[in-house]
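Each chain, letter by letter, is given below.
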Amino acid sequence: NFNKDLVGKKILVTAGPTIESIDPVRYLTNHSSGKMGYKIAAMAEKRGADVVLISGPTHLDKPKNVKVIDVISTKDMYEQVLKYFDESDILIKSAAPSDYRPVRYSDSKLKKSNEDLEIKFVRNPDILKKCGEIKKEQKIIGFAAESNDLEKYALEKLKKKNLDMIVANDISKKESGFKSDNNKVILFKNNGSKVEYPLMRKEDLANIILDNIN
Ligand code: PMT
């Protein structure tokens, strides 16, 4: 029994980690399970929105009635977000895209030797920053996953990436952030407002985030 307050809204959500392959065997990734973004997509759909979910590799069931686009790398996610951003009303970037990728991918498996191995990584595009630069009427909600100086870094990202709101996520504790069914955040808006929430289920937080987009 959901309030259909998002009927007519096109919402683009990203979720999960990205994977940056080094060779056919090895890759760089992070601890994101996709749970936060999948709950946002599912709740937005239940509230009547038209939802596109761009998902990195996860083990989750696809939310019902949501258009899911699977991607692997940050570059793939960048391309798909830009493809749908124009026609969206709201972008919610809960994914954890890798900021770096190996400078080159090796088609053949790297052989081990007795030496140490050094791999050079280059910067990936910042998807959220790009969207902040080109946005028209869209509302953009970013996340900041931080292990320290949460408020400082979150406010920097809110400003630098031209966001409407940022979900500041303290990832220093086990019971919230990556992989957990729960999360603990502070919401900062570009009008200066700050609201800190207690630990809660990601599903409930998804609804609070959606309530706060105006
Ligand atoms: O997936 P779960 O296991 O449920 O965990 C949820 C979560 C911890 C991943 C989620 O709540 C969260 O905090 N997501 C943001 C993770 C992250 O990448 O944070 P960041 O501070 O590195 O990036 C800031 C923002 O820029 C994020 O909105 C991110 O999506 C975006 N970004 C980052 C890098 C990049 N190249 N492009 C981006 O758009």
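Definitions and limits used
- Residues numbered from 1 in each chain as written.
- Predicted model: local features only at pLDDT ≥ 70, side-chain atom pairs only at ≥ 80, totals over all residues.
- Helix = DSSP H or I, 4+ residues; strand = E, 2+ residues; numbered from the N terminus.
- Buried ≥ 20, exposed ≤ 12 C-beta atoms within 10 Å, placed from the backbone.
- Near = placed C-beta within 6 Å.
- UniProt positions renumbered as here; feature names shortened; annotations may be inferred.
- Contact = placed C-beta atoms within 7 Å.
- Pairing = 2+ DSSP bridges.
- Axes fitted to C-alpha atoms, helices over the stretch in contact; angles between N-to-C directions.

Per an unreviewed UniProt entry, the chain goes by the name Coenzyme A biosynthesis bifunctional protein CoaBC and belongs to Senegalia massiliensis.

A. Quick peek at the environment of valine 81. Relative to the assigned elements, valine 81 resides in helix 2 (residues 74-85). Looking at valine 81, the number of C-beta atoms within 10 Å reads 24, which means it is buried. A sequence separation of 125 residues divides valine 81 from alanine 206, and the C-alpha atoms of the two residues are 20 Å apart.

B. Structural detail: the site of the ligand. Around the ligand there are 27 residues in total, and Ser33, Lys35, Ile127, Leu128 and Phe143 lie nearest to it. Of all the secondary-structure elements, those providing two or more residues to the shell around the ligand are helix 1 (35-46), helix 3 (127-134) and strand 9 (139-146). Counting residues per element, the shell around the ligand draws most heavily on strand 9, at 4 residues.

C. Region of interest: the UniProt feature "binding site: CTP" (unreviewed entry) in the chain. The feature "binding site: CTP" (unreviewed entry), as given by UniProt, occupies Asp99, Lys109, Pro125, Asp126, Ile127, Leu128, Phe143, Lys157 and Lys161 in the numbering adopted here. With a sequence span of 63 residues, these residues are also far apart in the fold, their greatest C-alpha distance being 37.7 Å. Tracing the sequence through the fold places leucine 128 in helix 3. With respect to the secondary-structure elements, phenylalanine 143 resides in strand 9. Among the residues examined, phenylalanine 143 registers 24 C-beta atoms within 10 Å and is labelled buried. Aside from chain neighbours lying at most four places away, what touches phenylalanine 143 is Lys93, Ser94, Ile166, Val167 and Asn169.

D. Structural context of the sheet that holds strand 1 (residues 10-15). The sheet built from 8 strands is open, its strands ordered 5-4-1-6-9-10-12-13 with mixed pairing. On the outer flanks of this sheet lie strand 5 (67-70) and strand 13 (194-196), each paired with one strand and no other. Averaged over all pairs of adjacent strands, the angle between strand axes in this sheet comes to 15 degrees, irrespective of strand direction. Relative to strand 4 (residues 50-55), strand 1 is paired through 6 bridges, and the arrangement is parallel.

E. Representation of the pairing of strand 1 in the model. For strand 1, a buried count of 5 out of 6 residues is recorded, marking the element as mostly surrounded by other parts of the structure. Sheet topology places strand 1 next to strand 6 (residues 90-93); 4 bridges connect them, and they run parallel. Each bridged residue has a counterpart across the sheet, and for threonine 14 the counterpart in strand 6 is lysine 93.

F. Spatial organisation of the environment of arginine 104. Mapping arginine 104 onto the fold places it in the loop between strand 7 (100-102) and strand 8 (121-123). With 11 C-beta atoms counted inside 10 Å, the residue arginine 104 sits in the exposed group. When the C-alpha positions of arginine 104 and glycine 34 are compared, they lie 27 Å apart, and in sequence the two are 70 residues distant.

G. The pairing of strand 12 (residues 185-189), seen in detail. Pairing of strand 10 (residues 165-170) with strand 12 involves 5 bridges; the strand directions are antiparallel. Counterpart to alanine 168 in the pairing with strand 12 is isoleucine 186. Summarising the sheet, strand 12 and strand 13 pair through 3 bridges and their orientation is antiparallel. Counted as the bridge partner of phenylalanine 188 is lysine 194 from strand 13. Once strand 12 ends, the chain turns through 4 residues before running back antiparallel as strand 13, passing glycine 192 with a positive phi of about 95 degrees.

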